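Here is what each chain is made of, one letter per residue.
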Amino acid sequence: MRIDILTVVPDLLEGPFSHSILQRAHEKGLAEVHVHNIRDYSTDKHKNVDDYQYGGGAGMVMAIQPIADCIEKLQKERDYDEVIYMTPDGEVYEQSRANQLSLHKNLILLCGHYKGVDERIRERFITMEISIGSYVLSGGELAAAVVADSIIRLIPGVLNNETSALTDSFQDGLLSPPVYTRPAEYKGMKVPEVLLSGNFKKIEDYREQEALKRTRQRRPDLFKGTENQTTK
Ligand code: 6GU
């Protein structure tokens with residue numbers, strides 16, 4: 001899997017991809033993330049990437065030329081499965097979408113900034129628009145890092161324990177049950193007896209009940225319909 005991220009603040013994306021599992025995924029040759037500075041593609045003499053909006057109004061708009069040139073260059077080099085625009089007015093991101101995207105080979109993530117991109121970019125190049133929630137970030141970079149992380153960790157071989165992504169919260173449409181580690185008792189607080197019993201059937205039942213209870217209490221919306229469980 002290859003992910004190309006287009007941004008006007010590449011520094012913001014350095015941290016997330018030089019650490020932990022994403023770094024390991026890269027070293028194992030399972031996933032590579034390439035960050036492109038949109039400014040490098042500007043043909044403007046001042047290397048501008050934004051401009052005033054037609055019709056007036058506060059806030060700058062990301063101009064079409066540098067973004068179009070960058071996307072066209074990448075698309076000449078390989079076929080992309082999706083060209084995704086990270087924007088607060090996109091489709092709200094969920095696990096089902098992460099699962100689907102993790103099956104692809106090449107993705108472009110375009111990070112929005114300022115008032116957003118010239119609408120013609122969306123019309124010509126964008127195949128999917130993603131928001132990571134109902135709040136506004138200063139730019140799409142942190143959202144792109146969230147999306148890239150959620151996808152890359154699903155690629156087989158990226159996580160040490162390959163089954164662990166399958167038992168994540170949301171993968172079966174439920175939140176995860178509580179977990180414990182040693183000691184069995186800490187200042188009077190005990191680990192539930194059943195987890196120490198060695199009876200795997202009972203442990204499995206207990207975990208399922210706790211997952212249901214937690215989901216009912218915290219995310220009753222997950223029970224409404226099964227659309228969260230299927231790949232859209
Ligand atoms: Cl993708 N971008 C921005 N700027 N804000 C957001 C977002 C994206 N998703 C939620 N808020």
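This text follows the structure it describes.
Residues numbered from 1 in each chain as written. Predicted model: local features only at pLDDT ≥ 70, side-chain atom pairs only at ≥ 80, totals over all residues. Heavy atoms only, no water.

1. Observations regarding a nonpolar patch on the surface
So, step 1. Among the surface-exposed residues, L12, Y135, L137 and L142 lie close enough to one another that they form a single nonpolar patch of about 360 Å² accessible area.
So, step 2. Examined against the element boundaries, L137 turns out to sit in the loop between β7 (128–131) and α6 (141–152).
So, step 3. Given the relative accessible area of 33%, L137 is considered partly exposed. (Patch = residues over 30% accessible without salt bridge, like charges linked within 9 Å, V, L, I, M, F, W, Y side chains within 5 Å. Areas by Shrake-Rupley, 256 points an atom, 1.4 Å probe, with all protein chains shown as cover. Salt bridge = Lys/Arg side-chain N within 4 Å of Asp/Glu carboxyl O. Helix = DSSP H or I, 4+ residues; strand = E, 2+ residues; numbered from the N terminus. Buried < 20%, exposed > 50% of the residue type's maximum accessible area, 1.4 Å probe, protein only.)

2. A few points about the site of the ligand
So, step 1. In the region of the ligand, 13 residues are neighbours, and T87, I132, G133, Y135 and L137 sit closest.
So, step 2. At 2.9 Å from a nitrogen atom of the ligand is found a main-chain nitrogen or oxygen belonging to I132.
So, step 3. Contributions of two or more residues to the shell around the ligand are made by β5 (82–92) and β7.
So, step 4. Considering each element in turn, the shell around the ligand owes the most residues, three residues, to β5. (Near = heavy atom within 4 Å. Polar contact = N/O pair within 3.5 Å; in protein donor to acceptor, adjacent residues only side chain to side chain.)

3. Describing helix α8 (residues 200–218)
So, step 1. Under the 1.5 Å per step criterion, the end-to-end length of α8 is 27 Å for 19 residues, consistent within 8% with the ideal 27 Å.
So, step 2. Within α8, burial applies to I203, Y206, E210, A211 and T215. Buried residues along α8 cover an arc of 160° about the axis, so they all sit on one side. Across α8 from its buried face, at more than 90 degrees, point the exposed residues K201, K202 and R216.
So, step 3. For α8, the N-terminal capping position is held by N199, with its side-chain oxygen 3.2 Å away from the main-chain nitrogen of K201. (Expected span 1.5 Å × (residues − 1). Arc of directions from axis to C-beta.)

4. As for the environment of I151
So, step 1. In this fold, I151 is placed in helix α6.
So, step 2. A relative accessible area of 1% means that I151 is categorised as buried.
So, step 3. Measuring from C-alpha to C-alpha, the distance between I151 and H104 comes to 9.6 Å, with 47 residues separating the pair along the chain.
So, step 4. Filtering out sequence-adjacent residues up to four positions away, I151 remains in contact with M1, Y93, A98, L101, S102 and L107. (Contact = heavy atoms within 4.5 Å.)

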